[in-house]
Amino acid sequence: MVIVAVLYFLLPLVATFQFSLSMIRGTWSFQAYRVIFADAAFQATFTFSLVCALATIVLGAALVVPTAYWVRLRLPKLRPVVEFVTLLPLVIPPIVLVFGYLRLYNSSSWLPFTGSVAGTNLILVFGYTVLALPYMYRAVDTGMQAIDIRTLTEAAESLGAKRGAILWQVILPNVRPAVMSGAFLTFAIVIGEFVLASLLNRPAFGPYLQNIGANRAYEPAALAMISFAITWGCMVLLQLVGGRAPGRRREASVRRSLFSFARRAPR
């Protein structure tokens with residue numbers, strides 16, 4: 001069954017890759033890839049989506065890490081409610097989300113975000129953050145579960161640390177692998193997202209993929225392979241980063257965090 005599953009997955013990839021090399025008749029070449037990489041629209045759209053992905057990762061981490069920390073430390077009874085809210089983006093279709101944005105934040109509303117390019121880009125990043133929320137929250141919450149945040153917080157407070165410093169200098173370093181895992185998943189989601197960027201009319205990578213696929217022959221196959229390489233690269237990095245933390249390394253990280261506070265604590 002494993003062999004059948006591998007063949008089912010790999011054979012279309014092999015066929016797509018072979019087709020992407022057939023742009024010049026009678027020989028295999030990387031001409032389709034050269035055309036794609038030389039396309040100014042590819043560079044512009046990929047750069048735009050890359051910036052949006054980085055902004056989404058920062059915004060998502062800034063939203064999720066304090067929330068998961070506070071819920072686990074002070075509000076454990078609200079944890080099922082927070083989990084339910086973070087899972088809603090998996091139930092609500094993105095097209096419903098984007099039409100809600102257009103309805104609430106159009107140029108004639110009290111918050112006319114879509115009346116400017118910067119405002120529309122901001123709405124797009126907010127939408128990406130919502131779509132990636134289930135994955136970022138699950139990754140961070142799992143990382144929080146693997147450490148004793150209550151003991152760490154009490155130890156840091158006994159050394160004179162404020163709550164913001166505890167979160168930034170003690171908790172975050174110990175859940176960094178979990179945050180990175182959520183970041184790579186967020187990056188993969190943003191790079192390939194189509195609905196939000198298309199309906200908000202933004203020059204993102206997803207609409208560019210659709211446009212090339214509708215008007216070209218060999219370049220879409222090359223783009224498909226590039227997209228697979230980007231996505232699987234993120235997955236490999238996720239596995240590498242996610243496998244570093246447990247055991248002695250995590251304990252050493254905890255000791256280093258508390259030792260740094262102990263050195264700065266007043267005598």
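The shown structure was predicted, so the numbers you read here are calculated from the model rather than taken from an experiment.

Asks: How would you summarise the packing of aromatic side chains if you had to cite specific residues and measurements?
Replies: Each aromatic ring pair is characterised by the separation of its centres together with the angle its planes make. The full count for this structure, using the stated rule, is 12 aromatic pairs. Taking the centre distance of 6.0 Å and the plane angle of 15° together, the rings of Phe42 and Phe46 count as stacked. Taken together, the positions of Phe42 and Phe46, both in helix H3 (residues 40–73) and 4 residues apart, correspond to about one turn of that helix. Looking at Phe42, the relative accessible area reads 7%, which means it is buried. Here Phe205 and Tyr208 contribute two aromatic rings whose centre-to-centre distance is 6.2 Å and whose plane-to-plane angle is 25°, an arrangement assigned as stacked. With Phe205 and Tyr208 both in helix H11 (residues 205–215) and 3 residues apart, the pair spans about one turn of that helix. Here Tyr208 falls in the buried class, since its relative accessible area comes to 6%. Each residue in the set Phe37, Phe42, Phe46, Phe205 and Tyr208 is aromatic and connected to the rest through ring pairs, giving one cluster.

Asks: I'd love a proper account of the environment of Leu200, names of residues and values included.
Replies: Its place among the elements puts Leu200 in the loop between helix H10 (195–199) and H11. According to the relative accessible area criterion, Leu200 is buried, its value standing at 8%. Residues Leu200 and Thr114, 86 residues apart in the sequence, show an inter-C-alpha distance of 8.2 Å. For Leu200, the contacting residues outside a window of four places in its chain are Val98, Leu102, Thr120, Ile123 and Leu124.

Rules used in this analysis
Residues numbered from 1 in each chain as written. Predicted model: local features only at pLDDT ≥ 70, side-chain atom pairs only at ≥ 80, totals over all residues. Heavy atoms only, no water. Phe/Tyr/Trp six-rings, centres within 6.5 Å; stacked < 30°, edge-to-face > 60°. Helix = DSSP H or I, 4+ residues; strand = E, 2+ residues; numbered from the N terminus. Buried < 20%, exposed > 50% of the residue type's maximum accessible area, 1.4 Å probe, protein only. Contact = heavy atoms within 4.5 Å.

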